[in-house]
Amino acid sequence: MPPIYLDHAATTPLLPAAREAMLEGFALWANPSSPHKAGRAARAALEAARGRVKAALGWQGEVIFTSGASEALAVAMTRCVQPIAAVSAVEHEAVLRWTGDAARLPVDGEGRVLTEGSLAGLVAVQQVNNETGVIQPLDELAEAVRATGGLLLADCAQSAGKIALPAADMVAVSAHKFGGPIGVGALLVRDWAMLKPTGGQERGYRGGTENLPGALAMAAALEAPRDWLEAAARLRQRLDDGILAAGGEIIAQNALRLPTIAGYRMPGRSANAQLIRFDGMGIAVSAGSACSSGSLKASPVLTAMGYPHAGEVIRVSIGRETMESEIDAFLSAWREIRG
Amino acid sequence: MIYLDYQATTPLAPEAREAMLRWLSEDGFANPHSPHRPGRAAAAAVELAREQVAGLLPPGGQVIFTSGATEALNLAILGCGAKRLAVSAVEHAAVLDTARFADPDCAVLPVSSAGLVDPSTPIPAGTGLVAVMQVNNEIGTIQPVEGLAEAAHAAGALFLCDAVQGAGKLTPPASADMIAISAHKLHGPKGIGALWVRDGLELAPLIHGGGQEHGLRSGTLSPALCAGFGAAAALCTSLRESDGRHVENLWDQARALFADWTLNGSADQRWHGNLNLRREGLDVARLMSDCRTVAFSAGSACASGSGRPSHVLRALGLSDREAKTAIRIGFGRYTRAGDLERAAAAIHAAVGAQGAL
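Residues numbered from 1 in each chain as written. Chains lettered and ligands numbered in written order. Predicted model: local features only at pLDDT ≥ 70, side-chain atom pairs only at ≥ 80, totals over all residues.

(A) Main features of the overall build of chain A. Across its full length, chain A holds 11 helices and 12 strands. Radius of gyration (C-alpha) of chain A: 20 Å, near the 20 Å computed for a compact globule of 339 residues. The principal-axis extent of the C-alpha atoms belonging to chain A is close to 65 × 50 × 30 Å. Expressed as a percentage of its 339 residues, the buried residues of chain A come to 59%. Pairs at least 24 residues apart make up 69% of the contacts formed inside chain A by residues separated by at least 6 positions. (Helix = DSSP H or I, 4+ residues; strand = E, 2+ residues; numbered from the N terminus. Rg over C-alpha atoms; globule rule 2.2 N^0.38 Å. Buried ≥ 20, exposed ≤ 12 C-beta atoms within 10 Å, placed from the backbone. Contact = placed C-beta atoms within 7 Å.)

Right, here's the structure in full:
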C-alpha cells in the first residue's frame, strides 16, 4: 500500500504553482533593499506579491511578511499598542506563551469560545482550532471587542486560504498550511498605528532581508482554486460516519468545523499506541498538533473543552489531493487497531 | 548586468538550489516536527543541514536555525538577558538598533581610521554583553575578534559576533559565546540563518509556540531552506581555498583598476572581496544612475536610498561630505575577471562625464 498522508494540518504539499513561483524567486536573488536595477526588480516582485496576497485574502489593510505564523503572532502579541486583555483557552502555544495573567476565555463542550469578562485591549482568538477544526464565531466577537475599544487578533494559520478571513484587526497566517512553502507567513494589520515599529524592512515593522521566493510562492498558493473544500467536506462526512459506525467518537461533533480537520477518539486505545500502529501501516496522522506530538501531555485543547478522554484522541486532516480510497483505507486500519 | 554587490546578497549556488528542490517536490514534504515516517525523513534532512552549517562554526556549541541573521542577533542580544551592552561603532543596524533597544545607554567602542576596534579599548564596568562583528559589511575590515572576546570575558561579559560577512570565508571566532550567520550571504537561500550558541549558555526565546529548536525558536522549520543552507555551507567548506584564491586575484585586479581612488578602511586587515572606495567630489547617486548595467552600492543595502551618510565611514573619521563620495564594490565566487574590467570601464566613463574629478 502506498503511504497515506492525513496530517495536512501539520503541513501540506507545496502546490505546483507555488513551486514555480519559488523557482522564479530563486532567479531574482538580489536584495530587495538594494537600489540598483537588480535590487529594484526584486523589490517590484516583492510588492507585487504583497498586493496579490492582499487581493487573494480580501484584506484591505497592510501586510507584513514574516517567517511564519509563530513570528507573526509574536510581533502582534509583543508590539501591539494595547495591552493583552484576553485570549481563548484553546489558542496555540504561539499565543498562549505570551499571555501571563491575561484572562482566558473559556470554551464550551464543543470547543466554542465563550465571551465573558473584559475585552478592552488586545484579544486573541483563533479562527479555526488546529486540533478539532472548530470554527470560532469571530465576526460576533470582533463586534464585542470593538465596542470596548479593543483590538481582535485572529490566528488564521489553519483557516487562511480555505475560508474567508474574519473581521479582525490583525490576522496571522502561515503559507505552508495552504500549499505555500514553509518559512514564510504574514501578519495582516488593519492600520500601522496598531503596532510599535522596530526599524528595518517591512516599513520598519520587521527587520531582515525579505524572503522573496517565499512571498511569491505564498501569493501563488493563495490564488489557487478552493473548490476542493467541497470534496473535503464529503470525505470528512465519510470519515465521521465510518468512525461512529465503528464505535468511535467525534470531537466537537455538533460545532461548525472546518471540513479538513477532525479529532476522533478510539475508546480504550491511547493516542500514542494508535499513532505507532498507523505509522507502521504507512498512515501519517497525529495526536494533537505536530509540535506537541511525541510529548505525553494530554491535549490542553481537549482539556479546556472538559473532554474526559483526551489521551485517546487522534487528529486526521485532509488535503487537496486526498482520495476516497485513502479515507477508506484509514477507516479499515482504524477498525483493525480498535480490534 | 554585472553584479558587484556581494555584501548585500550573493547569487544562490546551483548546488543549494538543487538541494532545496528535493524538499519542494510532490513527495518531499512533511513537517519535520511530526513523529510519523515522512516527518522523520524531513527531520533527518534538517539535522544533516545542521551538521553542514556547524562545519562553519566552532566546536562546543549548538546551531539554532532562525529566519536570518537579524532574528539571530535579536535572539542573542535580547535573549541573553544582559542589561548593559557595549558594541562597536561599525556594527550593522541589526546589532546597533537592537542593542540600543535593550540598553539605551549602550557603550560604543570606537574604531581607528583603518576601521578596526582595538582590543585594549576599556569595556565599561558592569557590561553584560559585548558585540563586535567579524567582517564589516561596508568596508570589509576584519576585527580582532579573538582579542575582543578575551577582553569581554576578562570584563565578565559575554561576547557576540556577527559573522554574517565572514562565515564560510574565514576561520570562525572560536572564543565567541554566540555567533550569528545568514544563508543568503554565503550563496544559500533567503529566509534562513542561524545563531550558534556555546554549550551551557542559556537564552530566553523571542518566538514562542511549538517549542522547536529546544524551545529557543518556535516555528515550523523548512526542510528546503535548511537543506539549501546546509548545501551552501558544505560548498563553502569544500571551496574555501579556491574561493579565497579567486577573491585574492580579483582584489589585485580591482585595486589596479581603481588605483587612483582612495580605499576606505584597512587594506590588510580586510576581506578582499570588499572594495570600498571614495573619490573627491564624486556624486554617487548620479554615478549609480549612470551605471545601470553595474550593480554596486553606496554603503549597506538596508541604508541605501536613505541619503544619510554611512555611520561606518563617519566612525573612521570621514566628514559627511567625504562619506557621501564612497562606493562599495563586492565580488566573490561567481565574479569573472572580465566583469571587473567592464564594470571599471563603465564606472570610469561615468565618473569622467561628471567632469573636473
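(B) Region of interest: the interface of chain B and chain A. Tallying the contact residues gives 52 residues for chain B and 52 residues for chain A. Counting only elements with at least two residues in the side of chain B that touches chain A, the list comes to α2 (37–54), α3 (69–79), α4 (93–102) and α6 (223–257) of chain B. With 3 residues, α4(B) is the largest single contributor of residues to the side of chain B that touches chain A. Of the residues in the side of chain B that touches chain A, the class split is 22 nonpolar, 22 polar and 8 charged. (Nonpolar A, V, L, I, M, F, W, Y, C, P; charged D, E, K, R; others polar.)

(C) Quick peek at the sheet that holds strand β10 (residues 274–278) of chain B. All names here are of chain B. Overall, antiparallel pairing links the 3 strands, which are arranged β9-β10-β12 in an open sheet. Because the sheet does not close on itself, it has two edges, and the strands there are β9 (262–263) and β12 (326–330). Sheet topology note: the β10/β12 ladder contains 5 bridges and is antiparallel. Within the sheet, the bridge partner assigned to L275 lies in β12 and is I329. (Pairing = 2+ DSSP bridges.)

(D) Molecular detail of the sheet that holds strand β4 (residues 107–109) of chain B. Residue and element names in this part refer to chain B. With mixed pairing, 7 strands are arranged side by side in an open sheet as β2-β8-β7-β6-β5-β3-β4. Each of the sheet's edge strands pairs with one partner strand only, and the pair in question is β2 (61–66) and β4. The average undirected angle you get between the axes of adjacent strands in this sheet is 20°. Here β2 pairs with strand β8 (residues 193–198) via 6 bridges, running antiparallel. Paired with Q62 across the bridge in β8 is V197. Packing of helix α5 (residues 145–154) onto the sheet brings it into contact with β5 (129–131) and β6 (158–162), and relative to β6 it is tilted by some 155°. (Axes fitted to C-alpha atoms, helices over the stretch in contact; angles between N-to-C directions.)

(E) Examining the confidence of the model for chain B more closely. Looking at chain B as a whole, the pLDDT averages 95, with 97% of positions reaching at least 70. Model confidence for the complex: the whole-complex pTM is 0.94, and ipTM, which rates the interface, is 0.91. (pLDDT = per-residue confidence, 0-100.)

(F) Inspection of α4(B) at higher detail. Taken together, the buried positions of α4(B) are occupied by B:A94, B:V95, B:T98 and B:A99. The buried residues of α4(B) occupy one face: seen down the axis, they fall within an arc of 115°. (Arc of directions from axis to C-beta.)

(G) Summary view of the domain arrangement of chain A. Residue and element names in this part refer to chain A. By domain assignment, chain A separates into domain 1 (4–12 + 226–338) and domain 2 (16–222). Centre-to-centre separation of domain 1 and domain 2, based on C-alpha positions: 26 Å. If you look at the interface, domain 1 gives 26 residues, while domain 2 gives 24 residues. Breaking the side of domain 1 that touches domain 2 down by element, the ones donating at least two residues are β10 (261–265) and α10 (300–304). Tallied by class, the residues present in the side of domain 1 that touches domain 2 amount to 13 nonpolar, 9 polar and 4 charged. (Domains from an automatic or database assignment.)

(H) A look at the domain arrangement of chain B. Residues and elements named next belong to chain B. For chain B, the assigned domains read domain 1 (2–8 + 240–353) and domain 2 (14–235). Summarising the inter-unit geometry, the C-alpha centres of domain 1 and domain 2 are found 26 Å apart. Of the residues lining the interface, 19 residues belong to domain 1; the matching set on domain 2 comes to 22 residues. Counting only elements with at least two residues in the side of domain 1 that touches domain 2, the list comes to β10 and α8 (311–315). Within the side of domain 1 that touches domain 2, the residues separate by chemical class into 5 nonpolar, 11 polar and 3 charged.

(I) Structural context of unusual backbone geometry. Residue and element names in this part refer to chain A. Even without a glycine there, the phi angle at R203 is positive, about 60°. Relative to the helices and strands, R203 resides in helix α6 (residues 201–204). Taking the C-beta count within 10 Å as the criterion, R203 has 10 such neighbours and is therefore assigned exposed. Phi is positive for A252, close to 55°, though the residue is something other than glycine. In this structure, A252 sits in the loop between β9 (249–250) and β10.

(J) Looking closely at the packing of α3(B) against α4(B). All names here are of chain B. Running from amino to carboxyl end, α3 crosses α4 at an angle of 30°, the nearest separation of the two axes being 10 Å. Between α3 and α4, the interaxial angle falls into the category roughly parallel. Viewed along their axes, α3 and α4 form a crossing whose handedness is right-handed. From α3, A69, T70, L73, N74, I77 and L78 reach across to α4, where they touch A94, V95, T98, A99 and A102. Here the contact of α3 with α4 is built from residues that sort into 8 nonpolar, 3 polar and no charged. (Parallel < 35°, antiparallel > 145°, perpendicular 65-115°, else oblique. Left-handed = near helix turned anticlockwise from the far one by under 90°.)

(K) Region of interest: the environment of B:A131. All names here are of chain B. With respect to the element layout, A131 can be found in strand β5. Between the C-alpha atom of A131 and that of A45, which follows or precedes it by 86 residues, the distance is 32 Å. With near-sequence residues (within four places) excluded, A131 lies in contact with I77, V87, E91, V95, A99, L160 and D162.

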